[in-house]
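Examination of the molecular architecture
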Amino acid sequence: MNTKTMEGLVGARTSMKILNTPFRVFKEARRRGDTATMERAMGYVNEYRDKADEYKAKADEGMEEDAKAAREQEKLEQEKAIQRRREEQKELDAKTEESQASDRAEVIVEVSEEGKILLKENPVTDTNNSDYGDSTKTTADRNNEPVTYTKTGEVSQSEQTTGISVSVSV
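Quick summary incoming for the structure in this document. (Residues numbered from 1 in each chain as written. Predicted model: local features only at pLDDT ≥ 70, side-chain atom pairs only at ≥ 80, totals over all residues. Heavy atoms only, no water.)

**Description of the overall build of the protein chain**
Regarding its fold elements, the protein chain presents four helices and two strands. Its helices and strands in sequence order give the protein chain the pattern α-α-α-α-β-β, from N to C terminus. A separation of at least 24 residues holds for 53% of the contacts in the protein chain among residues at least 6 apart in sequence. Per element, the accessible surface of the protein chain, about 14,900 Å² overall, is 50% carbon and sulfur. (Helix = DSSP H or I, 4+ residues; strand = E, 2+ residues; numbered from the N terminus. Contact = heavy atoms within 4.5 Å. Areas by Shrake-Rupley, 256 points an atom, 1.4 Å probe, with all protein chains shown as cover.)

**What about the environment of S15?**
Of note, S15 is situated in helix α1 (residues 3-32). For S15 and D53, which are 38 residues apart along the polypeptide, the C-alpha to C-alpha distance reads 9.1 Å. Dropping the residues within four chain positions of it, S15 is found in contact with Y48, K51, A52 and Y55.

**Looking at α1**
When the terminal C-alpha atoms of α1 are compared, their 44 Å separation across 30 residues agrees well with the 44 Å that a helix rising 1.5 Å per residue should span. Among the residues of α1, those classed as buried are T5, G8, G11, A12, S15, L19, P22, F26 and A29. Phi for G33, located one or two positions after α1, is positive at around 90 degrees. (Expected span 1.5 Å × (residues − 1). Buried < 20%, exposed > 50% of the residue type's maximum accessible area, 1.4 Å probe, protein only.)

**Topic: the pattern of salt bridges**
This structure, assessed with the given rule, holds seven salt bridges. Close ionic contact of E7 with K58 constitutes a salt bridge, the shortest N to O distance being 2.7 Å. Of this pair, E7 sits in helix α1 while K58 is found in helix α2 (residues 35-103), placing the two residues 51 residues apart along the sequence. The salt bridge involving D60 is made with K56; its shortest N-O contact spans 3.1 Å. Taken together, the positions of D60 and K56, both in helix α2 and four residues apart, correspond to about one turn of that helix. The class of D60 is partly exposed, set by a relative accessible area of 36%. We classify K56 as partly exposed; its relative accessible area is 47%. Linked by salt bridges that have partners in common, K4, E61 and E65 make up one network. (Salt bridge = Lys/Arg side-chain N within 4 Å of Asp/Glu carboxyl O.)

**A few points about a nonpolar patch on the surface**
Taken together, M1, M6 and L9 make up a surface patch of nonpolar side chains, about 350 Å² in accessible area. Within the secondary structure, M6 is located in helix α1. (Patch = residues over 30% accessible without salt bridge, like charges linked within 9 Å, V, L, I, M, F, W, Y side chains within 5 Å.)

**Some thoughts on the side chain of T37**
Assignment of secondary structure puts T37 in helix α2. A distance of 2.4 Å separates polar atoms of two side chains, one belonging to T37 and the other to D34. Excluding residues within four positions of it along the chain, T37 makes contact with V25, A29 and R32. (Polar contact = N/O pair within 3.5 Å; in protein donor to acceptor, adjacent residues only side chain to side chain.)

**With respect to the environment of K58**
The exposure class assigned to K58 is partly exposed, which follows from its relative accessible area of 30%. Excluding anything up to four places from it in sequence, K58 contacts K4, E7 and G8.

In short, the description is geometric, and any link to function would need to be established separately.
Structure (structure tokens):
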């Protein structure tokens with residue numbers, strides 16, 4: 001609370017309480033018919049009423065300053081909140097970019113010595129696989145025959161064929 005507001009409210013209240021005393025004197029003088037006392041008492045009543053009005057104006061001014069300060073504080077808090085949201089969005093964008101970068105990571109395949117020996121024994125001649133840019137088709141793929149694999153990863157010699165085809169891409 002602003003100092004002006006407190007001073008204005010306290011001053012106005014005090015002036016209004018003090019105003020009661022000369023007003024009682026005025027009523028008593030009127031009952032007795034003493035006009036000089038009545039006039040003097042009304043002078044005090046008007047003086048304290050004017051002081052109360054001045055304090056009221058001071059309190060109003062202080063409350064206006066309080067409201068202005070509150071609006072400025074709220075504006076600062078909103079700007080801080082906006083800045084925090086922007087930073088959070090930047091962090092989220094960075095994390096998203098990292099995630100996308102890791103999704104786009106290159107897959108590196110090392111061929112073991114046994115694999116190199118098998119490749120020499122069964123050379124691959126089909127180079128039309130556009131997904132990988134190298135020759136990865138087996139002899140069964142070249143003959144367009146479906147291949148079934150066992151749980152151990154060996155080619156099954158099953159003669160039963162189904163109409164389901166599964167392809168895996170990395």
